[in-house]
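# Descriptive structure summary
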Amino acid sequence: MPLQLDRGGLPLNCSSERALELFNKALHASLSTNESSLQYLREACELDSGFVLVHCMLGSFWLSSSTPPSHPNVSTHLEAVKSPDPNLTSREKAHIAAMQVFASGNRPKAAEMWRAILVDHPKDVVSIRLLFGACIDLAEFMLMRDYLAAVLPWWTEEDELYPFILSYYAFALEQTNQRDRAEHLARKALDLQKKTPWAYHTLSHVIEEERETVSGVEFLTSSRENWKGSFLNGHITWHLALYYLDQSNLSELFHEFDTVLCSLLEPDNLFGLIDAISLLWRLNVAGVEAGEERWKKITDVCAQHVENCTFTWFNLHVMMSLAHGKVSESAARLVLAERLLKSISEYAKSNTSTDCKVADVIGVPVGNALLAFGKGQYSEVISLMLPLKYDLVKLGGSWAQRQVFSVTLIHAAIRSNQLPLALALIAELRAMKPKSKTLDKLYKEIKGLCGAMDRTSVVSCTP
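Analysis parameters
Residues numbered from 1 in each chain as written. Predicted model: local features only at pLDDT ≥ 70, side-chain atom pairs only at ≥ 80, totals over all residues. Heavy atoms only, no water. pLDDT = per-residue confidence, 0-100. Contact = heavy atoms within 4.5 Å. Core = buried A, V, L, I, M, F, W, Y, C linked by side-chain atoms within 4.5 Å. Buried < 20%, exposed > 50% of the residue type's maximum accessible area, 1.4 Å probe, protein only. Helix = DSSP H or I, 4+ residues; strand = E, 2+ residues; numbered from the N terminus. Expected span 1.5 Å × (residues − 1). Polar contact = N/O pair within 3.5 Å; in protein donor to acceptor, adjacent residues only side chain to side chain. Phe/Tyr/Trp six-rings, centres within 6.5 Å; stacked < 30°, edge-to-face > 60°.

## What about the confidence of the model for the chain?
Residues shown with low pLDDT carry predicted positions that ought not to be read at fine detail. Per-residue confidence for the chain averages 93 on the pLDDT scale, and 97% of its residues sit at or above 70. Scored below 50 in pLDDT, residues 455-463 shows zero contacts in the model against residues more than four places distant or in partner chains.

So this is what it looks like as structure tokens:
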């Protein structure tokens, strides 16, 4: 059968017109963050078991969710391309090689390979999507910005995929501190296509960092119909809950948690678990009770991941779920937390992935610090985490997501009575979020306490 053309106009091998149609639908769905993309790919694979790009997308999607290569969701696709047809295009061969490298545990190298594919094929939607996810996991936002800047000129506003790629670029700009341009392009994407989830996500970040959160609540609640059906539904809801947290509106925060985030608590949904855990942990360190019933829904799922460490960013969130409250008073959670620390340490030494080094340098000490917080050993938290403050970016995720560690440090400093340090940490975060009501209130409180300390001591500036 002659070569077919995919959604980007690029040649590929496919023996079924229906499989090609489903593949092209999957490309659209994956860029638009529609959950149906996996189903389209599975159906295409059933129709054409030799469809190389389908295998590469499915295998890489599962790998990006930290599924081990030995799992059938990955191994099936690795096996399917093990002895490729010599008539494959160079692009198809490059995708096979990238997936194999990804499966070997070298995500950064796989990202380089997808970037190289895009240099030759800037309309390769598979690489656009897979590299975007890798850049988030690696926190390589300058790479994200640059590769999207390189491919965008090859797309026109008339193409229905253009708004989604533009929204990806807007997010990359936001993460590299070009917020005015990010907002402009995100709004342009929405003008072209109202249901562009990454545009709403980008604007959620801009609002959190530069606006009063009341405007964020209005924006997200009024546009909810346009993003709630996407894979980003849970994460954008998390942003909405953070706005409510900033306003001390716990009733609305818990409503979002109970009705949306709780529904996503599944063992395979790592990103849904991260959102739920991160939200409740922020309450936990601030001394706000979320209710053990809510935590139990999370810990029951997270207990399944204690022995299976493959992604340090996620593993540390599992630790948060186990270390919440006074962990010493819960023998079961304490045992699980200790087992998790052992698993992280063993994973760090396994050298099965480039993430193992992250686990060694950051995962082990930060995991111990989170458990120390749960034990009330707040000075230990500072000793373990503060030296790593500027290395935490290596964990991946966005700046907003990594703030959970900044907040943990702040409250550990307050609880250990290291008020000048707490004030400095609050000031640093407040400078990045000048409209935050919570940070403004906390800064004034701690500054007042520091001032009271100063008045009780006399410091001589002369010999």
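## Regarding the nonpolar core
If you look at the biggest cluster of nonpolar residues, it comprises 164 residues, and the most contacted ones within it are Phe23, Ile128, Met144, Leu148 and Phe405. When residues no more than four places from it in sequence are discounted, the contact partners of Phe405 are Trp313, Leu316, Met320, Val366, Met385, Leu392 and Leu395.

## Remarks on unusual backbone geometry
Even without a glycine there, the phi angle at Asn177 is positive, about 65 degrees. Turning to its location among the elements, Asn177 is positioned in the loop between helix 9 (162-175) and helix 10 (179-192).

## Focus: helix 18 (residues 312-323)
Under the 1.5 Å per step criterion, the end-to-end length of helix 18 is 16 Å for twelve residues, consistent within 8% with the ideal 16 Å. Most of helix 18 is tucked away, with twelve of its twelve residues classed as buried. When helix 18 is considered as a whole, its buried residues turn out to be Thr312, Trp313, Phe314, Asn315, Leu316, His317, Val318, Met319, Met320, Ser321, Leu322 and Ala323. Lining the buried residues of helix 18 we find helix 16 (270-285), helix 17 (292-302), helix 19 (331-350), helix 20 (355-374) and helix 22 (399-415). Backbone geometry just after helix 18 places Gly325 at a positive phi near 65 degrees.

## What to know about the environment of Tyr443
As for its position among the elements, Tyr443 is in helix 24 (residues 437-455). Along the primary structure Tyr443 and Ala424 are separated by 19 residues, whereas in three dimensions their C-alpha atoms are 9.1 Å apart. Once you skip the residues sitting within four places of it in the chain, Tyr443 turns out to touch Leu423, Ile426, Ala427 and Arg430.

## Focus on the side chain of Glu208
With respect to the helices, strands and loops of the structure, Glu208 is situated in helix 11 (residues 197-210). Side chain to side chain, Glu208 and Lys433 meet in a polar contact 3.1 Å long. If near-sequence neighbours (up to four positions away) are discounted, Glu208 is found in contact with His239, Leu242, Tyr243, Ala400, Gln403 and Lys433.

## Brief notes about the packing of aromatic side chains
By the definition in use, this model includes 13 aromatic pairs. When the ring of Phe23 is compared with that of Phe51, the centres are 5.0 Å apart and the planes differ by 45 degrees; the resulting orientation is tilted. Of this pair, Phe23 sits in helix 1 (residues 17-31) while Phe51 sits in the loop between helix 2 (37-47) and helix 3 (52-64), placing them 28 residues apart in sequence. Per residue, the accessibility class of Phe23 equals that of Phe51, and both read buried. Between the aromatic rings of Phe132 and Trp198, the centroid separation amounts to 4.8 Å while the plane-to-plane angle is 90 degrees, which identifies the pairing as edge-to-face. Highlighted residues: Phe132 in helix 7 (residues 125-138) and Trp198 in helix 11, separated in sequence by 66 residues.

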